[in-house]
Amino acid sequence: MLIHLYNSLEKKVAPFAPLQGNTVRMYSCGPTVYNYAHIGNMRAFLFADLLQRALRVVGGYDVDWVMNITNIDDKTIRDSAVGSQAWLPDMGSQSGDLMDNLMKLTNFYEKSFLDDISILGIDKNHFLAMPKATDFVWGMQELIKIIVDKGIAYISEGSVYFNVTEWRKQDFYGKLFKIDFDNFKPGTRIDSDQYEREQASDFALWKTKKENEPYWEFELNGQKCDGRPGWHIECSVMEKELLGLPFDIHTGGVDLKFPHHEDEIAQSKAGYGIEPTAFWCHNEFLEVEGEKMSKSLGNFFTVRDLLAKGIDPLDIRYLMFSSHYSSVLNFTFDGLAATHKARQRVQDYIYDLFGADIGNWESGIGTGKKVLDLKDKVFSELANDLHTPMALGAIFSFINNNPVKELNLGEKAGLLYFFKELNGVFAVWEIAERKAVALQIPQNVIELADKRLQARRDKNFAMSDTLRDEIKSFGFIIKDAKDSYSLEKM
Ligand code: AMP
Ligand code: ZN
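In this text the structure is predicted, and so the values were computed from the model without any measurement. (Residues numbered from 1 in each chain as written. Chains lettered and ligands numbered in written order. Predicted model: local features only at pLDDT ≥ 70, side-chain atom pairs only at ≥ 80, totals over all residues. Heavy atoms only, no water.)

Draft legend 1. Inspection of the sheet that holds strand 14 (residues 280–283) at higher detail. Taken in spatial order, the five strands of this open sheet run 5-4-3-13-14, and their pairing is parallel. Two strands lie at the open edges of the sheet, namely strand 5 (127–129) and strand 14, each paired on one side alone. Across the sheet, the mean angle separating the axes of adjacent strands is 30 degrees when strand polarity is ignored. Of the strands in this sheet, strand 3 (23–28), strand 4 (62–67), strand 13 (249–253) and strand 14 touch helix 1 (residues 39–57), which is tilted by about 160 degrees from strand 4. (Pairing = 2+ DSSP bridges. Helix = DSSP H or I, 4+ residues; strand = E, 2+ residues; numbered from the N terminus. Axes fitted to C-alpha atoms, helices over the stretch in contact; angles between N-to-C directions. Contact = heavy atoms within 4.5 Å.)

Below you can see the structure in the form of structure tokens.
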């Protein structure tokens, strides 16, 4: 089915088709791994997951999905500094080697991120790659040199800045986000990775080394510029190296339109001569009482916070799809409870479809008109700019009008087949008989429990206690038995 998506560059919904063959090459700005991601961040990653799954299931494409790990930026450097309050004992000990500290902190949060997204139903097998910025600094240095040599960036005291005034003579700056150039002061510079449009000015491609910060050696046109890359240049390089330019779709939250994506477009075009992509898709915010959920406002919940309250991670996933990705979604616990009920209603219907005579439903034989009409309606809503609330609405309306006991066997088999296909997009239900799914234990919790069993065998009780707490943070209680264990949901 042809998929239409809202393109932030064209500012309208447009039909989408990959540039080459049947494979969609898609890049998503990933997490900055300086802390646990909150569920506001997760909205961005679940939106990207929804999109890539819909491209596969509804669009019939293959997807090469790349999501980067931002391990170099102002915050990862700040929080890995010696004496930082953000340092946790589980990261090991801090040393005098600042690069080692940066890697210890960011590897720790990268691992926690991978655990969290897996619990939220993002399948690691769907990624082509998850590149880390630290592995591509060489490419950033190459790109910076090209831009400097073209006269669109300049060196100042060991840092390198993109010359916006020069660039504006060659191309439009402000493609994704309207910038008020009346207040623009040519030649002013901004060093921080994140800034507002009122601060639009020459931005840092490379920042000279500071005391007590890790740095990379960089000799640029005879000048010593040891330091580290700015955040925007990281994505310009990783996407080019892993997907090639131009690729098909770039995703991120709306706050990334400026400066991150605007600067990414300018750098890539200035250096490589090609814009990253013609299709930009952005998700709106998850809010709390009218404000963006964010670390800095302190109004956030991590996945672990919610699991510890006994929330099912699939309800968090479903919650994100209960509103259209381009509308603001207000987070409340009441909303989450309503989400649980709605998801469970469909789940119960699926359980009920499994009757004694269901037979070989997985062959798809038996899919009658009733089911095909439903599929057409639901998939059309998804193909229409991922309209998940309308798609779910169509499912509820069907369920309400078609009690399982009134369906014939062919319809039941066809519906099960359809729900299995649909779950390829939503991934919030279990397509199994009721009794077979009494307790779903995430793979990483099982791994932790196995590790703990080994720690007990080794009589490493400190480790065993730490692992028990970690298992608890995912909402499970581990009970010991002789050389074995059992897990229960909290
Ligand atoms: P960061 O880890 O800060 O680089 O952010 C990762 C992703 O989360 C980016 O795509 C942001 O745009 C997105 N994001 C951050 N806060 C929110 C929020 N409250 N709602 C939706 N997306 C968000
Ligand atoms: Zn990015």
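Draft legend 2. Structural view of the coordination of the zinc ion (ligand 2). Around the zinc ion (ligand 2), the protein supplies Cys29 (SG), Cys235 (SG) and His260 (NE2) as donor atoms, at distances of 2.1 to 2.2 Å. Coordination of the zinc ion (ligand 2) draws on donor residues from a single chain, spaced C-x205-C-x24-H in sequence. Of the two residues, Cys235 is situated in helix 6 (residues 231–243) and His260 in helix 7 (residues 257–272); the sequence distance between them amounts to 25 residues. Overall, Cys235 belongs to the buried group, its relative accessible area being 1%. (Donors = N, O, S within 2.8 Å, 3.2 Å for Na, K, Ca; no water. Buried < 20%, exposed > 50% of the residue type's maximum accessible area, 1.4 Å probe, protein only.)

Draft legend 3. Highlighting the pairing of strand 19 (residues 484–489). In this sheet, strand 19 lies alongside strand 18 (residues 476–481) in antiparallel orientation, the contact comprising six bridges. Residue Ile478 lies in a different strand from strand 19, and its bridge partner there is Leu487. Here strand 18 folds back onto strand 19, and the loop between the two strands holds two residues, one of which, Asp483, carries a positive phi near 50 degrees.

Draft legend 4. The arrangement of the domain arrangement of the protein in detail. According to the domain assignment, the protein contains domain 1 (1–283), domain 2 (303–426) and domain 3 (443–489). Each of domain 1 and domain 2 was reduced to a C-alpha centroid, and the two centroids are 34 Å apart. Of the roughly 2,500 Å² buried where domain 1 meets domain 2, counting both sides, 70% is carbon and sulfur surface. Sorting the residues of domain 1 by area buried against domain 2 places Ile39, Arg43 and Leu50 first, and these three jointly supply 29% of that buried surface. Its salt-bridge partner being Asp116, residue Arg304 comes within 3.1 Å of it at the nearest N-O pair. (Domains from an automatic or database assignment. Buried area = accessible area lost by both parts, 1.4 Å probe. Salt bridge = Lys/Arg side-chain N within 4 Å of Asp/Glu carboxyl O.)

Draft legend 5. Layout of the packing of helix 11 (residues 369–383) against helix 12 (residues 388–401). Contact geometry for helix 11 and helix 12: axes closest at 7 Å, N-to-C directions at 160 degrees. As summarised for this structure, helix 11 and helix 12 are arranged roughly antiparallel, according to the angle between their axes. Handedness of the crossing formed by helix 11 with helix 12: right-handed. Contacts between helix 11 and helix 12 involve Lys370, Leu374, Lys377, Val378, Glu381 and Leu382 on the former and, on the latter, Thr388, Met390, Ala391, Ala394, Ile395 and Phe398. (Parallel < 35°, antiparallel > 145°, perpendicular 65-115°, else oblique. Left-handed = near helix turned anticlockwise from the far one by under 90°.)

Draft legend 6. Representation of the sheet that holds strand 15 (residues 286–288) within the structure. One open sheet accounts for three strands, arranged 16-15-17; its pairing is mixed. Two strands close off the open sheet at either side, each with one partner strand: strand 16 (291–292) and strand 17 (329–330). Bridge count between strand 15 and strand 16: two bridges; the pairing is antiparallel. The residue of strand 16 that forms the bridge with Val288 is Glu291.

Draft legend 7. Region of interest: the packing of aromatic side chains. With the rule as written, the count across this model stands at 29 aromatic pairs. Aromatic pair Tyr173 and Phe181: ring centres 6.4 Å apart, planes at 55 degrees, arrangement tilted. Accessibility expressed as a relative area gives 1% for Tyr173, which makes it buried. Ring geometry for Phe426 versus Trp429: centroids 5.6 Å apart, planes at 45 degrees, classification tilted. On the accessibility criterion, Phe426 (0% relative accessible area) is buried. Among the aromatic residues, ring-to-ring pairing joins Tyr318, Phe321, Tyr349, Phe379, Phe418, Phe419, Phe426 and Trp429 into one connected group. Lying over the aromatic face of Phe181, Arg168 brings its terminal NZ or CZ to 3.4 Å of the ring centre. (Phe/Tyr/Trp six-rings, centres within 6.5 Å; stacked < 30°, edge-to-face > 60°. Lys NZ or Arg CZ within 6 Å of the ring centre and 35° of its normal.)

Draft legend 8. Region of interest: the site of ligand 1. As a structural note, the neighbourhood of ligand 1 is formed by 19 residues, with Thr32, Gly253, Asp255, Leu286 and Met293 the closest of them. In this structure, Gly253 approaches ligand 1 through a main-chain N or O atom, which is 3.0 Å from an oxygen atom. Within the backbone of Met293, a nitrogen or oxygen atom sits 2.8 Å from a nitrogen atom of ligand 1. Contact with the protein chains covers 93% of the free accessible surface of ligand 1, which is 500 Å². Top element by residues in the shell around ligand 1 is helix 1. It accounts for five residues. Taken together, the residues that form the shell around ligand 1 break down as seven nonpolar, eight polar and four charged. (Near = heavy atom within 4 Å. Polar contact = N/O pair within 3.5 Å; in protein donor to acceptor, adjacent residues only side chain to side chain. Areas by Shrake-Rupley, 256 points an atom, 1.4 Å probe, with all protein chains shown as cover. Nonpolar A, V, L, I, M, F, W, Y, C, P; charged D, E, K, R; others polar.)

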